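Take a look at the letters that make up each chain.
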Amino acid sequence: MRLLHVESWQQLVELSVTEDVRRTVYLTAIQQDLIDRFAHILPMLRMSPMVTVAACPVCGRYGLQDRRPVAKACWFTLRCPGSPVKAPATEARDPDAAPRARPGSSPAGPVSG
(Lines give C-alpha, C1' and ligand atoms only; values in the text may rest on other atoms or scores of the structure.)
Protein backbone atom coordinates (compact mmCIF):
# COMPACT_ATOMS: atom_id res chain seq x y z
CA MET A 1 0.00 0.00 0.00
CA ARG A 2 2.89 2.33 0.75
CA LEU A 3 4.45 1.76 -2.68
CA LEU A 4 1.17 2.57 -4.39
CA HIS A 5 0.43 5.59 -2.16
CA VAL A 6 -2.91 4.32 -0.91
CA GLU A 7 -4.20 4.42 2.67
CA SER A 8 -6.29 1.25 2.78
CA TRP A 9 -6.76 -2.13 1.14
CA GLN A 10 -10.03 -0.89 -0.35
CA GLN A 11 -8.17 1.94 -2.12
CA LEU A 12 -5.64 -0.59 -3.45
CA VAL A 13 -8.46 -2.74 -4.84
CA GLU A 14 -10.05 0.30 -6.48
CA LEU A 15 -6.68 1.32 -7.95
CA SER A 16 -6.06 -2.16 -9.34
CA VAL A 17 -9.24 -1.86 -11.44
CA THR A 18 -7.75 1.08 -13.38
CA GLU A 19 -3.99 0.39 -13.19
CA ASP A 20 -1.72 -2.62 -13.45
CA VAL A 21 -0.29 -2.64 -9.91
CA ARG A 22 1.94 -5.60 -10.86
CA ARG A 23 4.19 -3.11 -12.67
CA THR A 24 4.91 -1.41 -9.33
CA VAL A 25 4.77 -4.22 -6.78
CA TYR A 26 6.30 -7.69 -7.07
CA LEU A 27 4.73 -10.39 -4.92
CA THR A 28 6.51 -13.65 -4.35
CA ALA A 29 4.51 -16.86 -4.65
CA ILE A 30 4.53 -17.09 -0.84
CA GLN A 31 3.18 -13.54 -0.48
CA GLN A 32 0.44 -14.23 -3.03
CA ASP A 33 -0.50 -17.42 -1.17
CA LEU A 34 -0.73 -15.45 2.10
CA ILE A 35 -2.98 -12.87 0.45
CA ASP A 36 -5.22 -15.65 -0.85
CA ARG A 37 -5.39 -17.49 2.50
CA PHE A 38 -5.92 -14.41 4.67
CA ALA A 39 -8.11 -12.28 2.41
CA HIS A 40 -10.52 -11.76 5.32
CA ILE A 41 -7.88 -9.68 7.16
CA LEU A 42 -6.85 -7.42 4.28
CA PRO A 43 -9.78 -4.95 4.56
CA MET A 44 -8.61 -4.15 8.11
CA LEU A 45 -5.12 -3.02 7.02
CA ARG A 46 -4.46 0.73 6.94
CA MET A 47 -1.54 3.09 6.48
CA SER A 48 -2.84 5.96 8.66
CA PRO A 49 -3.45 5.21 11.41
CA MET A 50 -1.16 2.24 10.83
CA VAL A 51 -2.81 -1.16 11.16
CA THR A 52 -0.73 -4.14 10.08
CA VAL A 53 -0.42 -7.83 10.98
CA ALA A 54 1.83 -9.39 13.60
CA ALA A 55 2.30 -13.16 13.74
CA CYS A 56 4.04 -15.61 16.04
CA PRO A 57 6.26 -18.09 14.20
CA VAL A 58 5.99 -20.60 17.08
CA CYS A 59 2.24 -20.90 17.73
CA GLY A 60 1.14 -19.63 14.30
CA ARG A 61 -1.40 -17.19 15.73
CA TYR A 62 -1.72 -13.67 14.33
CA GLY A 63 -3.45 -10.39 15.07
CA LEU A 64 -3.60 -6.74 14.16
CA GLN A 65 -0.77 -4.45 15.23
CA ASP A 66 -0.38 -0.68 15.23
CA ARG A 67 2.74 1.38 14.52
CA ARG A 68 4.38 0.60 17.87
CA PRO A 69 7.07 -2.08 18.12
CA VAL A 70 5.78 -5.62 18.60
CA ALA A 71 6.00 -7.03 22.13
CA LYS A 72 8.94 -9.39 22.66
CA ALA A 73 6.77 -12.19 24.13
CA CYS A 74 3.86 -13.84 22.34
CA TRP A 75 0.52 -12.51 23.55
CA PHE A 76 -1.57 -14.73 21.29
CA THR A 77 -1.16 -18.04 23.14
CA LEU A 78 -0.69 -18.56 26.88
CA ARG A 79 2.91 -19.61 27.73
CA CYS A 80 4.01 -19.58 24.08
CA PRO A 81 7.80 -19.05 23.95
CA GLY A 82 7.63 -17.30 20.56
CA SER A 83 8.30 -13.67 19.65
CA PRO A 84 5.76 -12.18 17.20
CA VAL A 85 6.97 -10.19 14.20
CA LYS A 86 5.27 -7.67 11.93
CA ALA A 87 4.48 -8.65 8.36
CA PRO A 88 7.20 -7.37 6.01
CA ALA A 89 6.43 -4.99 3.16
CA THR A 90 6.78 -5.98 -0.48
CA GLU A 91 9.66 -4.72 -2.57
CA ALA A 92 9.51 -2.03 -5.22
CA ARG A 93 9.72 -3.17 -8.80
CA ASP A 94 11.27 -1.46 -11.80
CA PRO A 95 8.34 -0.98 -14.22
CA ASP A 96 10.62 -1.71 -17.19
CA ALA A 97 12.01 -4.93 -15.73
CA ALA A 98 10.96 -8.27 -17.13
CA PRO A 99 8.62 -10.31 -14.92
CA ARG A 100 10.43 -12.59 -12.51
CA ALA A 101 9.98 -16.32 -12.71
CA ARG A 102 7.86 -17.88 -10.02
CA PRO A 103 9.47 -20.69 -8.01
CA GLY A 104 9.19 -23.94 -9.92
CA SER A 105 8.92 -22.24 -13.31
CA SER A 106 11.50 -21.50 -15.92
CA PRO A 107 11.72 -17.90 -17.23
CA ALA A 108 12.67 -19.21 -20.68
CA GLY A 109 9.92 -21.80 -20.79
CA PRO A 110 10.34 -25.58 -20.89
CA VAL A 111 13.78 -26.95 -21.58
CA SER A 112 13.99 -29.67 -24.19
CA GLY A 113 16.80 -32.13 -24.17
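Structural data are supplied above this passage.
Values in this document were obtained by computation on a predicted structure and should not be read as measured data.

Quick notes on the rules
- Residues numbered from 1 in each chain as written.
- Predicted model: local features only at pLDDT ≥ 70, side-chain atom pairs only at ≥ 80, totals over all residues.
- Heavy atoms only, no water.
- Salt bridge = Lys/Arg side-chain N within 4 Å of Asp/Glu carboxyl O.
- Helix = DSSP H or I, 4+ residues; strand = E, 2+ residues; numbered from the N terminus.
- Buried < 20%, exposed > 50% of the residue type's maximum accessible area, 1.4 Å probe, protein only.
- Contact = heavy atoms within 4.5 Å.
- Core = buried A, V, L, I, M, F, W, Y, C linked by side-chain atoms within 4.5 Å.
- Phe/Tyr/Trp six-rings, centres within 6.5 Å; stacked < 30°, edge-to-face > 60°.
- Polar contact = N/O pair within 3.5 Å; in protein donor to acceptor, adjacent residues only side chain to side chain.
- Pairing = 2+ DSSP bridges.

Some remarks on the pattern of salt bridges
Step number 1: The tally for this structure, following the rule as stated, stands at two salt bridges.
Step number 2: For the salt bridge of Asp33 with Arg37, the shortest nitrogen-to-oxygen distance reads 3.1 Å. Residue Asp33 and its partner Arg37 are located together in helix 2 (residues 29-37), separated by four residues, close to a single helical turn.
Step number 3: Under the relative-accessibility criterion, Asp33 is labelled partly exposed at 37%.

Looking at the environment of Arg67
Step number 1: Topologically, Arg67 is positioned in the loop between strand 4 (62-65) and strand 5 (85-86).
Step number 2: Given a relative accessible area of 57%, Arg67 falls into the exposed group.
Step number 3: For the pair formed by Arg67 and Val51, sequence separation is 16 residues and the distance between their alpha carbons is 7.0 Å.
Step number 4: Leave out the neighbours within four places in its chain, and Arg67 touches Met47, Met50 and Lys86.

A few points about the nonpolar core
Among soluble globular proteins, nonpolar side chains are generally buried collectively.
Step number 1: Leu4, Val6, Trp9, Leu12, Leu15, Val25, Leu27, Ile41, Leu42, Leu45 and Val53 together form the largest nonpolar core, which totals 11 residues.
Step number 2: Of the residues forming this core, the biggest block, three residues, is contributed by helix 1 (residues 9-18).
Step number 3: If we skip the residues at most four places from it in the chain, Val53 touches Ile41, Leu45, Tyr62, Gly63, Leu64, Val85, Lys86 and Ala87.
Step number 4: Val70, Cys74, Phe76 and Cys80 belong to the second-largest nonpolar core, a separate cluster that totals six residues.

A word on the packing of aromatic side chains
Step number 1: Under the defined criterion, the tally for this structure stands at two aromatic pairs.
Step number 2: Look at Phe38 and Tyr62: their rings are 5.1 Å apart centre to centre, the planes differ by 75°, and that puts the pair in the edge-to-face class. Taken together, the positions of Phe38 in the loop between helix 2 and strand 2 (46-47) and Tyr62 in strand 4 put the pair 24 residues apart, joining distant regions of the chain.
Step number 3: Pairing Trp75 with Phe76 gives two aromatic rings, centres 4.4 Å apart and planes at 40°, and the pair type is tilted.
Step number 4: Looking at Phe76, the relative accessible area reads 19%, which means it is buried.

Notes on the side chain of Gln65
Step number 1: Tracing the backbone through its elements, the reader meets Gln65 in strand 4.
Step number 2: On the accessibility criterion, Gln65 (11% relative accessible area) is buried.
Step number 3: Within the structure, Gln65 has its side chain in polar contact with the backbone oxygen of Arg68 (distance 3.0 Å).

Focus on the pairing of strand 3 (residues 50-55)
Step number 1: Of the pairings in the sheet, the one linking strand 2 to strand 3 comprises two bridges and is antiparallel in character. Bridge pairing in strand 3 places Met47 opposite Met50.
Step number 2: Examined bridge by bridge, strand 3 and strand 4 share four bridges and lie antiparallel to one another. Bridge pairing in strand 4 links Ala55 to Tyr62.

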